[in-house]
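Each chain is listed here by its residues.
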Amino acid sequence: MTKDKRNAIIAWVSFGLIAASVIAAMVYYFSTSPAGEKPQLFELLFPVVPVLFSFVGALIISHQPRNVIGLLMMLPGVAMTFVVDAYLKPYIIGEIPLPAVPSPFFLLILWFSNWNWLLLVLPIMFIMILFPTGRAISPRWNRLTYFGAGIMIVFILSITISDALTPGSAPEVWQVSNPIGFLKIEWIDFIVAPFLIVFPVWIILCAVSLFVRFRLAKAIEREQIKWLFYAGAVFVVFYAPSFIGNTYSQASNIWNLLLPLGMSTFPIAIAIAILRYRLYDIDIIIRKTLQYALLTGLLVLVYFGSVILLQTPVSYTH
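Residues numbered from 1 in each chain as written. Predicted model: local features only at pLDDT ≥ 70, side-chain atom pairs only at ≥ 80, totals over all residues. Heavy atoms only, no water.

Quick notes on the overall build of the protein chain
Right, on to step 1. In terms of helices and strands, the protein chain carries 13 helices and two strands.
Right, on to step 2. A burial count over the protein chain gives 41% of its 318 residues as buried.
Right, on to step 3. For the protein chain, long-range pairs separated by at least 24 residues make up 70% of all intrachain contacts whose partners lie at least 6 apart in sequence.
Right, on to step 4. Surface summary for the protein chain: the accessible area is close to 18200 Å², and the carbon and sulfur share equals 71%. (Helix = DSSP H or I, 4+ residues; strand = E, 2+ residues; numbered from the N terminus. Buried < 20%, exposed > 50% of the residue type's maximum accessible area, 1.4 Å probe, protein only. Contact = heavy atoms within 4.5 Å. Areas by Shrake-Rupley, 256 points an atom, 1.4 Å probe, with all protein chains shown as cover.)

Describing the packing of helix H7 (residues 118-130) against helix H9 (residues 188-216)
Right, on to step 1. Across the interface, H7 lies against H9 with an axial gap of 7 Å and an inter-helix angle of 35 degrees. In this structure, H7 meets H9 at a crossing whose hand is left-handed. Each of Val 121, Leu 122, Met 125, Phe 126, Met 128, Ile 129 and Leu 130 in H7 lies in contact with H9, whose residues at this interface are Phe 199, Trp 202, Ile 203, Cys 206, Ala 207, Ser 209, Leu 210 and Arg 213.
Right, on to step 2. Taken together, the residues of the contact of H7 with H9 break down into 13 nonpolar, one polar and one charged. (Axes fitted to C-alpha atoms, helices over the stretch in contact; angles between N-to-C directions. Left-handed = near helix turned anticlockwise from the far one by under 90°. Nonpolar A, V, L, I, M, F, W, Y, C, P; charged D, E, K, R; others polar.)

Re the side chain of Asn 178
Right, on to step 1. Examined against the element boundaries, Asn 178 turns out to sit in the loop between strand S2 (176-177) and H9.
Right, on to step 2. Overall, Asn 178 belongs to the buried group, its relative accessible area being 8%.
Right, on to step 3. Dropping the residues within four chain positions of it, Asn 178 is found in contact with Ile 159, Thr 160, Ser 162, Asp 163, Ala 164 and Leu 165.

Let's talk about the pattern of salt bridges
Right, on to step 1. Following the criterion strictly, the structure yields three salt bridges and no others.
Right, on to step 2. For the salt bridge of Asp 4 with Arg 66, the shortest nitrogen-to-oxygen distance reads 3.1 Å. Of this pair, Asp 4 sits in helix H1 (residues 3-31) while Arg 66 sits in the loop between helix H3 (48-63) and helix H4 (69-78), and the two are 62 residues apart along the sequence.
Right, on to step 3. By relative accessible area, Arg 66 is classed as exposed at 71%.
Right, on to step 4. Between Lys 226 and Glu 223 there is a salt bridge, with the nearest N and O atoms lying 3.3 Å from each other. Here Lys 226 and its partner Glu 223 are both found in helix H10 (residues 219-239), three residues apart, which amounts to about one turn of the helix. (Salt bridge = Lys/Arg side-chain N within 4 Å of Asp/Glu carboxyl O.)

Let's talk about H1
Right, on to step 1. Across its 29 residues, H1 extends 42 Å between first and last C-alpha, which sits within 8% of the 42 Å expected from 1.5 Å per residue.
Right, on to step 2. Buried within H1 we find Ala 8, Ala 11, Phe 15, Ile 18, Ala 19, Val 22, Ala 25, Met 26 and Tyr 29. (Expected span 1.5 Å × (residues − 1).)

Regarding the nonpolar core
For soluble globular proteins, the rule of thumb is that nonpolar side chains tend to be buried together.
Right, on to step 1. Ile 69, Met 73, Ile 127, Phe 131, Trp 202 and Ile 270 are the most contacted members of the largest nonpolar core, which totals 65 residues.
Right, on to step 2. If one sorts the elements of this core by residue count, H7 sits on top with 10 residues.
Right, on to step 3. The residues contacting Phe 131, other than those within four sequence positions of it, are Ile 69, Leu 210, Arg 213, Gln 224, Ile 225, Leu 228, Ile 270, Ala 273 and Ile 274.
Right, on to step 4. Among the nonpolar cores identified, the runner-up in size contains 14 residues, and Phe 15, Ile 18, Val 51 and Ala 86 belong to it. (Core = buried A, V, L, I, M, F, W, Y, C linked by side-chain atoms within 4.5 Å.)

Observations regarding a nonpolar patch on the surface
Right, on to step 1. A cluster of nonpolar side chains, Ile 197, Val 198, Val 201, Ile 204, Leu 205 and Val 208, forms an exposed patch at the surface whose accessible area comes to about 510 Å².
Right, on to step 2. Structurally, Ile 197 can be placed in helix H9.
Right, on to step 3. By relative accessible area, Ile 197 is classed as exposed at 64%. (Patch = residues over 30% accessible without salt bridge, like charges linked within 9 Å, V, L, I, M, F, W, Y side chains within 5 Å.)

Details of the confidence of the model for the protein chain
Right, on to step 1. Mean pLDDT over the protein chain: 80, with 80% of residues reaching 70 or higher.
Right, on to step 2. Segment residues 245-252: pLDDT under 50, and 11 contacts once partners within four positions in sequence are set aside and those in other chains are kept.
Right, on to step 3. In this model, residues 289-293 is a region of pLDDT below 50 whose contacts with residues beyond four sequence positions or in other chains number one contact. (pLDDT = per-residue confidence, 0-100.)

Quick look at the packing of helix H5 (residues 81-92) against helix H6 (residues 104-113)
How two helices pack is summed up by the angle between their axes together with the distance between the axes.
Right, on to step 1. Between H5 and H6, the shortest axis-to-axis distance is 10 Å and the interhelical angle comes to 115 degrees. In terms of their interaxial angle, H5 and H6 are classed as roughly perpendicular. Crossing hand, H5 versus H6: left-handed. Contacts from Val 84, Tyr 87, Leu 88 and Tyr 91 of H5 reach H6 at Phe 105, Phe 106, Ile 109, Leu 110, Phe 112 and Ser 113. (Parallel < 35°, antiparallel > 145°, perpendicular 65-115°, else oblique.)

Observations regarding the environment of Ile 69
Right, on to step 1. Examined against the element boundaries, Ile 69 turns out to sit in helix H4.
Right, on to step 2. Other than its neighbours up to four places away in sequence, Ile 69 contacts Ile 60, Ile 127, Leu 130, Phe 131, Pro 132, Gly 134, Ile 270 and Ile 274.

Here is the structure:
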């Protein structure tokens, strides 16, 4: 058996384990929910996103085993964010008391829950640097990859040596003593602060690297990059409602629905760009999307305007 064939088998086995773990976690998550609490649409859709990423990753590894994009696509699934949240939820809501003597497994899950979000965020940034060939434009642009890896190492080391561990999804709830930690947990903010300040600049530079590659690319590679641009644009449009959601509950519900849908465009676009020899005409798709987006936006404005107008007389009567 060749190395490429073995890697493909490992990739598909990994995908199977990720999918099975997410399904089991969803069953456990909703079975431990308080009686009468209905699952929200966001909770049903979001776990599918990392599974979709890992599925596309396995496809790429099978067809283009030397392209590192496939491995990067597997990482959001390896993050197991929903699986970890499902395990910790009963402890966070107080349904299960904290263990008097935490087991190594419990401590490991707590430790992982504090940095596994990096496996969701960083792969997208790395893909912008390396897409679609799996290599940076030049060694100079590879420094962005090294910086991203450095951010991950700093975060992981800081959490590993902290004197306490908290649940990553709800750090204010409780904390457990870390048997191998010696650094005050309050000091971690000072350690990672410089990296968090530079983090937005790094994200911008990752996007710039993709634009530079687009300008230098030939015809086929340009079409591939257009697909990633398309996915990024759709995600930004879907992400925008979060700014409204803080003040308007109905918009917040829409945001919860749109976020996983927006994130799903990345693996779909990447799969089309890398795995299809003859690409769909992305220019036509973009033009149609803009037309439908404009129509949908007008309908949403009419809907919210109608709701606000109808609520105003009711508020005066009370």
